[in-house]
Amino acid sequence: MKLLEQTIAEIEGLNEEKMAEAQERLDGLTKPPGSLGKLEEIAVKLAGMKGEVFTEVDQKVHIVMAGDHGVVEEGVSTCPSDVTTQMVYNFLNGGAAVNVLARQVGAEVKVVDIGVENEIEADGIISRKVKAGTDNFLNGPAMSRAEAVSSIEVGIELVQELIADGANLIGTGEMGIGNTTPSSAIIATVTDLSLDQLVGRGTGIDDQRLAKKKEVIAQALELNQPDSDDGIDILAKVGGLEIGGLTGVILGAAAKKTPVMVDGLISAAAAVIAHRLEPKVSNYLIPSHRSVEPGHIRMHEILGLEPMLEMDMRLGEGTGAVLGMELVEAATRIISQMATLEEAGVIANK
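These lines cover the structure that appears in this document, whether it is placed above or below. Note that the structure is predicted; figures quoted are calculated from it, not measured.

1. A word on the overall build of the chain
Assigned secondary structure in the chain consists of 15 helices and six strands. For 350 residues, the compact-globule estimate of 2.2 N^0.38 gives 20 Å, and the chain sits close to it at 20 Å. With the principal axes as the frame, the chain shows a C-alpha extent of 70 × 45 × 40 Å. Restricting to contacts in the chain with at least 6 residues of sequence separation, those with at least 24 account for 76%. Placing the 29 positive and 53 negative side-chain charges of the chain at their respective mean positions leaves the two points 3 Å apart.

2. A short note on the pairing of strand 4 (residues 169–175)
Counting buried positions over the seven residues of strand 4 gives seven, a clear majority of the element. In this sheet, strand 4 lies alongside strand 1 (residues 60–67) in parallel orientation, the contact comprising seven bridges. Residue pairing across strands places Val61 opposite Ile170, the latter belonging to strand 4. Relative to strand 5 (residues 260–262), strand 4 is paired through two bridges, and the arrangement is parallel. For Ile170, the partnering residue across the bridge sits in strand 5 and is Val260.

3. Description of the nonpolar core
Ranked by size, the top nonpolar core spans 116 residues in total, and within it Leu4, Ile63, Leu251 and Val328 carry the most contacts. Per-element accounting of this core gives the leading share, ten residues, to helix 12 (residues 265–277). In contact with Leu251, not counting residues within four places along its chain, are Leu4, Thr7, Ile8, Ile11, Ile152, Ala274, Leu277 and Val281.

4. Quick word on the side chain of Ser183
Relative to the helices and strands, Ser183 is located in helix 7 (residues 180–189). Among the residues examined, Ser183 registers a relative accessible area of 0% and is labelled buried.

5. Quick look at the sheet that holds strand 3 (residues 126–127)
Reading across the sheet, the six strands line up as 3-2-1-4-5-6 and stay open at both edges, with parallel pairing between neighbours. The open sheet has two edge strands with one neighbour each: strand 3 and strand 6 (285–287). Sheet analysis places strand 2 (residues 107–115) next to strand 3, joined by two bridges and oriented parallel. From the neighbouring strand, Asp113 faces strand 3, where its bridge partner is Ser127.

6. Description of helix 4 (residues 82–92)
Of the positions making up helix 4, those classed as buried are Val83, Thr84, Thr85, Met87, Val88 and Phe91. As for helix 4, its buried residues are in contact with strand 1, helix 5 (97–105), strand 2 and strand 4. At the C-terminal side of helix 4, Gly94 shows a positive phi close to 80°.

7. Structural notes on the pattern of salt bridges
Tallied over the entire structure, the rule returns 18 salt bridges. The residue Glu12 makes a salt bridge to Lys257 at a minimum N-O spacing of 2.7 Å. In this pair, Glu12 sits in the loop between helix 1 (2–10) and helix 2 (16–27) while Lys257 sits in the loop between helix 11 (241–255) and strand 5, placing the two residues 245 residues apart along the sequence. Under the relative-accessibility criterion, Lys257 is labelled partly exposed at 28%. Between Asp230 and Arg145 there is a salt bridge, and its shortest N-O distance comes to 3.1 Å. A residue pair is termed long-range when its members are at least 10 positions apart, and Asp230 in the loop between helix 9 (207–224) and helix 10 (231–238) and Arg145 in helix 6 (residues 145–164) qualify at 85 residues. Exposure remark for Arg145: the relative accessible area of 41% places this residue in the partly exposed category. It is possible to trace a salt-bridge network through shared partners that takes in Lys60, Glu329 and Arg333.

Reading guide: rules and limits
Residues numbered from 1 in each chain as written. Predicted model: local features only at pLDDT ≥ 70, side-chain atom pairs only at ≥ 80, totals over all residues. Heavy atoms only, no water. Helix = DSSP H or I, 4+ residues; strand = E, 2+ residues; numbered from the N terminus. Rg over C-alpha atoms; globule rule 2.2 N^0.38 Å. Contact = heavy atoms within 4.5 Å. Lys, Arg positive; Asp, Glu negative; His and termini not counted. Charge placed at Lys NZ, Arg CZ, Asp CG, Glu CD. Buried < 20%, exposed > 50% of the residue type's maximum accessible area, 1.4 Å probe, protein only. Pairing = 2+ DSSP bridges. Core = buried A, V, L, I, M, F, W, Y, C linked by side-chain atoms within 4.5 Å. Salt bridge = Lys/Arg side-chain N within 4 Å of Asp/Glu carboxyl O.

Read these as spatial facts, not as claims about activity.
If you want it as structure tokens, here you go:
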């Protein structure tokens, strides 16, 4: 708990002076003011994070947190829990979608076993297992409060090690069969919207299984009564170990003034937990895309963020986060490499 408390205490607001300088620079480039839209917004936000007008995101690291979920035994997913293990090996072998996209944008993928039911024995795995999967939250809390804190601190320790080694843009990804169920439970806890408005089909479940998923979430919320004002309580009662790990990644990166790419529903659920613990964390988040999961839209509203992309994606793994990295790097190049009106000898107004 000490590491978590120290990390939260280190998270600061954005540097408004540098943001103003960045905006002035952008307005003086050879283009109409604001004409590059979100690219300009990102460049200004990065200046506020780092306290520098010109920033770099040339060392991209994407973290995939993996964990299993006891609630899968209730039939909320089309896949068995063993698929989590199988996909972890796929990540390590470089064969998943996120690996393909990471190679394209020059990002390094780090795969973390924070709560996989089976033991992973392979080169490249980062083993930080808190426990072998969460408990079925239909029978009680998904984990203890101490385990929830441990999962967050795993993420903090890992991301700060990576930043110390030079990482300057962090992606959030995950693997955990059934994890749209705890993510939907988290968003239901912090909103007043109905489950019909929040719960989606995840991997593509049919109407019957979707109804079952909503029923399970409703029963779990009634049984566990998570405190909507207490991020750790929400995580412990209805969350997941990989969600806790990503919460720590977000908090740890924010404390080090490092931008974090937020992916889809599960990453956004972690961001909401982090936001409950320290609202200033939103200053360091860059939302990559808006997924087809209905709860994802509401999470962006809670965080005060507007995603860059809308591509009907729902794979997970952090695929959207990795795609978004390319746009963030583009923003840094626009502000640093594009000529000003004065430099180019362009007369904007007579």
